Amino acid sequence: EPEVTQTPSHQVTQMGQEVILRCVPISNHLYFYWYRQILGQKVEFLVSFYNNEISEKSEIFDDQFSVERPDGSNFTLKIRSTKLEDSAMYFCASSGLQGGEQYFGPGTRLTVT
Amino acid sequence: AQSVTQLGSHVSVSEGALVLLRCNYSSSVPPYLFWYVQYPNQGLQLLLKYTSAATLVKGINGFEAEFKKSETSFHLTKPSAHMSDAAEYFCAVSGGYSSASKIIFGSGTRLSIRP
């Protein structure tokens, strides 16, 4: 069964460093999403991406964040200068249809020290 | 705007007992509703979804949920709890095909099963 994959599973970085979280969505999907979950809290929407541009972003997704689909398979989330409060689990999701079921990856746990 | 409210951050039931996890939603458009389960240190797994077809939705692992528009509710039930059901459960809503379809999650309910 096709699945969304994410790498790395755990990333530790120092405050102020740049990180790139990688996702490989399901191959025929067209809609891509990033969510995050701070430890012990609910899952929050960050950004949606379709047709090589951002469809919607939350207030969390400020200028420190960017997304890119550098090739036909990867979808990345970049945090330019990490803060302690960026420590969270980051989930990638993809969907084949607008409004269709979103399939979530296993997540990348980001720890900022 | 859309939101979900999960009543009870922690629910504990005995093995074999009925599981009832409550969720109320708010949506300005006909909603799509979801229940996701998250086992410790794992990702999100879709249990079931409502997309404007049958109001009683059956999912995996014996779970089901009923969409009640008059009550704006989408409670999750399972007739008989199993130890393996212990996990965090998230109710979620999206605007379906009428929107960019970001999913809005509730705060989650941690389900514990007593032997």
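Sequence order sets the numbering: in each chain, residues are counted from 1 along the sequence as written. Note on labels: chains are lettered from A, ligands numbered from 1, in written order. Owing to the predicted nature of the model, reporting of local features is limited to residues with pLDDT of at least 70; listing and counting of side-chain atom pairs is limited to 80 or more, with chain, interface and lining totals taken over all residues. The side-chain quantities take in all heavy atoms of the structure and omit both hydrogens and water.

For the nonpolar core, give the residues involved together with the corresponding values.
One finds W35, L48, L76 and Y89 of chain B to be the most contacted residues of the largest nonpolar core, which totals 27 residues. Going through the elements one at a time, β2 (10-14), β3 (19-27), β4 (32-38), β5 (45-50), β7 (64-68), β8 (73-78), β9 (87-94) and β11 (109-114) of chain B are the ones with two or more residues in this core. In contact with L76 of chain B, not counting residues within four places along its chain, are V19, L20, L21, W35, L47, L48, F63, E64, A65 and Y89 of chain B. Membership of the second largest hydrophobic core comes to 23 residues, among which are V4, V19, I60 and F65 of chain A. Here, nonpolar core means buried Ala, Val, Leu, Ile, Met, Phe, Trp, Tyr and Cys residues that are tied together by side-chain atoms lying within 4.5 Å of each other. Partly exposed describes any residue whose relative accessible area lies between the buried limit of under 20% and the exposed limit of over 50%, with all areas from a 1.4 Å probe on protein chains only and scaled to the type maximum. Here a strand is any run of E in DSSP of at least two residues, a helix any run of H or I of at least four, and the numbering for each starts at the N terminus. Contact definition: two residues touch when any of their heavy atoms are within 4.5 Å.

Could you give an account of the interface of chain A and chain B, with specific residues and numbers?
Contact residues are listed per partner, giving 19 residues for chain A and 21 residues for chain B. Put simply, buried area is the surface a 1.4 Å probe can reach on two separate parts but cannot reach once they are joined, added for both. Roughly 1700 Å² is buried in total at the junction of chain A and chain B, and carbon and sulfur atoms are behind 56% of that figure. The term salt bridge refers to a side-chain nitrogen of Lys or Arg lying within 4 Å of a carboxyl oxygen of Asp or Glu. Applying the counting rule to chain A against chain B returns one salt bridge. Salt-bridge contacts for K102 of chain B lead to E56 of chain A; the nearest nitrogen and oxygen are separated by 2.9 Å. Between N or O atoms, a polar contact is any pair within 3.5 Å; within protein, one atom must be a potential hydrogen donor and the other a potential acceptor, and residues adjacent in sequence are included only when both atoms are from side chains. For the pair chain A and chain B, the interface holds four residue pairs in polar contact (both at pLDDT 80 or more). Basically, the charged four are Asp, Glu, Lys and Arg, the nonpolar ten are Ala, Val, Leu, Ile, Met, Phe, Trp, Tyr, Cys and Pro, and anything else, Gly included, counts as polar. Residue composition of the side of chain A that touches chain B, grouped by class: eight nonpolar, seven polar and four charged.

Explain unusual backbone geometry to me, and be specific about the residues and the numbers.
Glycine aside, the phi torsion of most residues is negative, and most peptide linkages are trans. For the bond running from T7 of chain A to P8 of chain A, omega is -10 degrees, close enough to zero to count as cis. Turning to its location among the elements, P8 of chain A is positioned in the loop between β1 (5-7) and β2 (10-13). One non-glycine residue, N51 of chain A, lies in positive phi territory at about 55 degrees. Tracing the chain through its elements places N51 of chain A in the loop between β5 (43-50) and β6 (53-57). Look at N51 of chain A and you get exposed, because its relative accessible area is 58%. With a phi close to 45 degrees, T72 of chain B is a non-glycine residue in the positive phi region. Assignment of secondary structure puts T72 of chain B in the loop between β7 and β8.

Residue-level account of the sheet that holds β3 of chain B, with values.
All names here are of chain B. At least two bridges found by DSSP between two strands is the condition for calling them paired. Strand order across the open sheet formed by five strands is β1-β3-β8-β7-β6, with antiparallel pairing between neighbours. Two strands lie at the open edges of the sheet, namely β1 (2-7) and β6 (56-58), each paired on one side alone. The mean angle between the axes of side-by-side strands here comes to 20 degrees, regardless of whether they run parallel or antiparallel. In this sheet, β8 lies alongside β7 in antiparallel orientation, the contact comprising five bridges. If you follow A65 over to β8, its bridge partner there is L76. Axis definition: a line fitted to C-alpha atoms, over the contacting stretch in the case of helices. Angles run 0 to 180 degrees between N-to-C directions.

Give me the lowdown on the sheet that holds strand β8 (residues 75-79) of chain A, citing residues and values where you can.
All names here are of chain A. Taken in spatial order, the four strands make up an open sheet running β1-β3-β8-β7, and their pairing is antiparallel. Looking at the sheet topology across the chains shown, the edges are occupied by β1 and β7 (65-68). Pairs of neighbouring strands in the sheet enclose a mean axial angle of 20 degrees, with direction left out of account. Bridge count between β1 and strand β3 (residues 19-24): three bridges; the pairing is antiparallel. From the neighbouring strand, T5 faces β3, where its bridge partner is V24.

Can you explain the side chain of S73 of chain B? Please cite residues and give values.
For S73 of chain B, the position within the fold is in strand β8. A relative accessible area of 2% means that S73 of chain B is categorised as buried.

Tell me about the environment of S70 of chain B, residues and numbers included.
With respect to the helices and strands, S70 of chain B occurs in the loop between β7 and β8. Owing to a relative accessible area of 74%, S70 of chain B belongs among the exposed residues under this scheme.

Please give an account of the side chain of H29 of chain A that cites residues and values.
All names here are of chain A. In this structure, H29 sits in the loop between β3 and β4 (31-37). Within the structure, the side chain of H29 is placed 3.3 Å from the backbone nitrogen of S95, a separation counted as a polar contact. When residues no more than four places from it in sequence are discounted, the contact partners of H29 are S94, S95, G96 and Y103.

Geometry only, nothing functional implied.
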